[in-house]
Structure formats: C-alpha cells, structure tokens
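# Overview (structure and organization)
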Amino acid sequence: MRPGLPEDLADLVGCTVDHGGLAGEALGGGHEAHDLEHADDLVDAHESVDGGQSIEDRGAGEILGLLGGHLRTDLAGGRQLTVDEGQLAGGPDLVAGPDRGHIGREGGGDGGEGDLQLGGGERHCLRFWDFSESREGVPVDFTRTEINTRIKAVAARLQQVGKIGDRVAILANNSPEYLFGFIGALYAGMTPVPLYDPSEPGHADHLKAVFADCEPTFVLTNTASAAAVREHFADLPSRERPRILSVDSLPDTLASSYMNPMMTLQGQQLMASASTMPVDQPAFLQYTSGSTRTPAGVQLTNRSILTNVLQIFTAARLRMPLRLVAWLPLHHDMGIILAVFVTILGLPNEIMAPRDFIQQPKRWIDQLNRRDSDDGVSVYTVIPNFALELA
C-alpha cells in the first residue's frame, strides 16, 4: 500500500463501481406527500502517478492495486467486500451480488459490517455550518449511520419512481441534502447532474441551456431551495416539467426498502449485456460554465473519478487522519468529487455555502484553526487563489 493512502480509500471504488453505472430497477409508485410536484485538477489526468504508464491506460485491477489491493466496507450496502484485483478485472460478475460469490461473501443487507459494525456508524462525519439564523453559525451534524440512512432514503425513492440511467439534476444550495441527493442518485443507478439553486443571480440562461441538453427526469432539491425551483419551472406545461423531490422531506423509513441495484433482475441483465466494465461506465454528468460558449456536458466515468482521487492523494501527500474544511460550490467538479470522496470514506467534513464565506472570510479561517480534541488530525482545505486574498 502506498504511504499515506488509507485502506478505506477502496470504499470509494465500492460506491462508484457498485452504484455509479448501470443499476437499479424501477419499482413503480406514484406521487407521495414528500414529492413537490410532477475545479481545477491538482494533477493532469494523463500524468503518470508512479512513472511510466498513465493510470488511465492501466487495467482496473492495477487501479485497485494502487488503491490498496482489497475493497473493504461498502457504506451503501453495509456489508463486507472482499474483492481482489483479479475479480475486478473479471468484468460484470464483480457487481452481481452475494449470490454470485464475488461480493458480500461475509453477509449482505444492512447488518452494518466493517466500520459501521465496529461502532464507526456513530462517528460525526459531516458538519454543515448554517449562517441563516446566526452570524456565528449553527453547526448541523450527521453521524455516518445518519448519512447512510439519508442517502439510501433518496435512492429508494428514486428507485420507486425511476429507471436505470435516468438523469437527476441537483438544484440546491451547498447543504447536506445536496450530498445525500447526489450520492443517492448514484446508488439508484441514475446519473446525477450537479447544478445549483436557481435563485443564484445570473444563471437563468445557463440552467435553461443545460436542461434543454440533458433533459433530466428528476430534480432533487431541499426545503431552502424548493420555492426557487418551483418558480424556475412555473412557465413550463406540467407534462414538460421534471419531477421534483425534496430530499429533506423524504422519511428515513424509505431507506429500509433500498435494494442494491445490481441485485435486481434488470441490473443483472444490463450488466450481462454491457460492453464496458463498470469502472468505465458513466458516474455523473458535469456541465461547463457556459461563460464563453453554450454549456457543454462532460460524462465523468468511474475510472476518471478514481484517477482524480488517487492523484489528489499522491500529489498533495495527504496524511491520515484528516479533516476537510470546504466552501467550494458543490456543483463544481472539484467541490463535489472531494465532498463525495470524504463522505464515502467517513472522514470528517465541514462544509458551508460560498456566499457565507464571501460575506465573512473569517468563518472559514475559524474552522481551519479549530482544534477541539482532534490532536494529530491534519486539516485540509481546497480553494481558488482569490480566497487567500480575501482572508
């Protein structure tokens, strides 16, 4: 294992391979009360990590070797994974489920093996700083178990009303719901499209162009952004509007109905006929800013995300344990990839809205300086250059 690379990093592979490509079976179901209505890269993606062959030219098994050799805990399914390099290179059987003998050998379902079973589920992993009511900010904390439950509640609802490959636009501010919605869409076997609260000034034309191009079936938002989302689609006929779901209105009880998409008949049929390995299938759709031309969508594959995460570790020489403090917009590629990465790994992550940083940069500095009882924890942040000038 490479120095400084945690064994838990392999969990990220479990999420993206297991849930980020073809997955999920539509279970049906109509509207419910909680339905509202019908970065910059640190290292160039082609640069070699260890010298010689580019990671993007390597096989999936070699990537796993670089990431620690063996997968361990799958946060989504709560089961122990024992997939080695040869199994990953073997193709679709990797994600076929415990009954095929390749994953989940030591149990399935929601038993909470691995980190969750050992008490890790009670660790506070996500803190959102809410400055809407107080200048000092109110911390909103989530344990790993709570994060897992919220993600699966979103995924389960999407599975009930959608189908494999549906595109899911995220229209919300920086918030826990943004992360739950984005990862929940991945778990449901759908393709998330990270966007932003429609009330953000100067973005109306960008949103219209993106929606015209990708035609998402669903929109995920939260209570804080719901009014702006409804207003954005108000002029469209009801049959042309995407279905809007409020993430923080979904009950936790939905999580128990979540099914690993690869365990469904449709998921297995699609994997059997797939011409590419799961690691090379799309994870999410990222749009350019549109500042110089019409916004263009870029499909990011699971392999490209793994490449990015590995290069972040090697280029920045990250030390464990760590805590991430960030205010980067979650619709930005660097913002969402880093946030998803630390969420899946169960690493401490503190987020706030970009606007709250701009209004008072000291808020960010205070979070970086806070040390509580985390002696020995390395604190990291990712920012554009202008943040240093403001701070």
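Further up the page is the structure itself.
Residues numbered from 1 in each chain as written. Predicted model: local features only at pLDDT ≥ 70, side-chain atom pairs only at ≥ 80, totals over all residues. Heavy atoms only, no water.

## Let's talk about the overall build of the chain
Applied cut-off: Put simply, DSSP marks the helices as runs of H or I at least four residues long and the strands as runs of E at least two long, and each gets a number from the N terminus on. For the exposure calls, accessible area comes from a 1.4 Å probe over protein chains only, and a residue counts as buried if that area is under 20% of its type's maximum, exposed if over 50%, partly exposed in between. The protein chains shown are the only cover counted for residues, whose accessible areas, like all others here, come from Shrake-Rupley with a 1.4 Å probe.
In terms of helices and strands, the chain carries 13 helices and 14 strands. Looking at the chain as a whole, 53% of its 391 residues qualify as buried. Put simply, the chain shows about 16500 Å² of open surface, and 50% of that area lies on carbon and sulfur atoms.

## As for the environment of Phe 131
What counts here: When checking whether two residues touch, look at their non-hydrogen atoms; a contact exists if any pair is within 4.5 Å.
Of note, Phe 131 is situated in the loop between strand E4 (124-130) and strand E5 (138-143). Taking the C-alpha atoms as reference points, Phe 131 and Arg 363, 232 residues apart in sequence, are found 9.8 Å from one another. If we ignore the near neighbours within four places in the chain, the residues touching Phe 131 are Glu 136, Gly 137, Met 352, Asp 356, Arg 363 and Gln 367.

## Concerning the pattern of salt bridges
Our working definition: One speaks of a salt bridge when a side-chain nitrogen belonging to Lys or Arg is within 4 Å of a carboxyl oxygen belonging to Asp or Glu.
In this structure the tally under the stated criterion is 9 salt bridges. Across the pair Asp 166 and Lys 163 runs a salt bridge whose closest N-O atoms are separated by 2.9 Å. Here Arg 355 and Glu 200 are joined by a salt bridge, their closest N and O atoms 3.3 Å apart. With a gap of 155 residues between them, Arg 355 in helix H11 (residues 354-359) and Glu 200 in the loop between strand E7 (191-194) and helix H6 (204-214) connect regions that are remote in the sequence. Sharing partners across several salt bridges, the network here consists of Arg 323, Glu 350 and Arg 370.

## Section: the packing of helix H5 (residues 176-187) against helix H10 (residues 333-345)
For clarity, the threshold we go by: Every axis in this analysis is a line fitted to C-alpha atoms, fitted for helices over the stretch in contact. Angles between the N-to-C directions lie between 0 and 180 degrees. Put simply, angles under 35 degrees are roughly parallel, angles over 145 are roughly antiparallel, angles from 65 to 115 are roughly perpendicular, and the rest are oblique. Lys, Arg, Asp and Glu make up the charged group, whereas Ala, Val, Leu, Ile, Met, Phe, Trp, Tyr, Cys and Pro make up the nonpolar group; the residues left over, Gly among them, are polar.
It is at 11 Å that the axes of H5 and H10 come closest, and there the two elements cross at 80 degrees. The orientation of H5 relative to H10 falls into the category roughly perpendicular. Counted together, Tyr 178, Leu 179, Phe 182, Ile 183 and Tyr 187 of H5 and Ile 336, Ala 339, Val 340, Thr 343 and Ile 344 of H10 form the full contact between these two elements. Classifying every residue of the contact of H5 with H10 gives 9 nonpolar, 1 polar and no charged.

## A few points about the packing of aromatic side chains
Keep this limit in mind: Each pair of aromatic rings taken from Phe, Tyr and Trp, with Trp reduced to its six-membered ring, is defined by centres within 6.5 Å and is described as stacked if the planes are under 30 degrees apart, edge-to-face if over 60, and tilted in the remaining cases.
A full pass over the atoms with the stated rule returns 9 aromatic pairs. Look at Phe 313 and Phe 341: their rings are 5.5 Å apart centre to centre, the planes differ by 85 degrees, and that puts the pair in the edge-to-face class. Pair noted here: Phe 313 is in helix H9 (residues 302-316) and Phe 341 is in helix H10, with a separation of 28 residues, a long-range link. Here Phe 313 falls in the buried class, since its relative accessible area comes to 4%. Residue Phe 341 is classed as buried on the basis of its relative accessible area, which comes to 3%. Members of the aromatic cluster, each reached through a chain of ring pairs, are Trp 327, Phe 357, Trp 364 and Phe 386.

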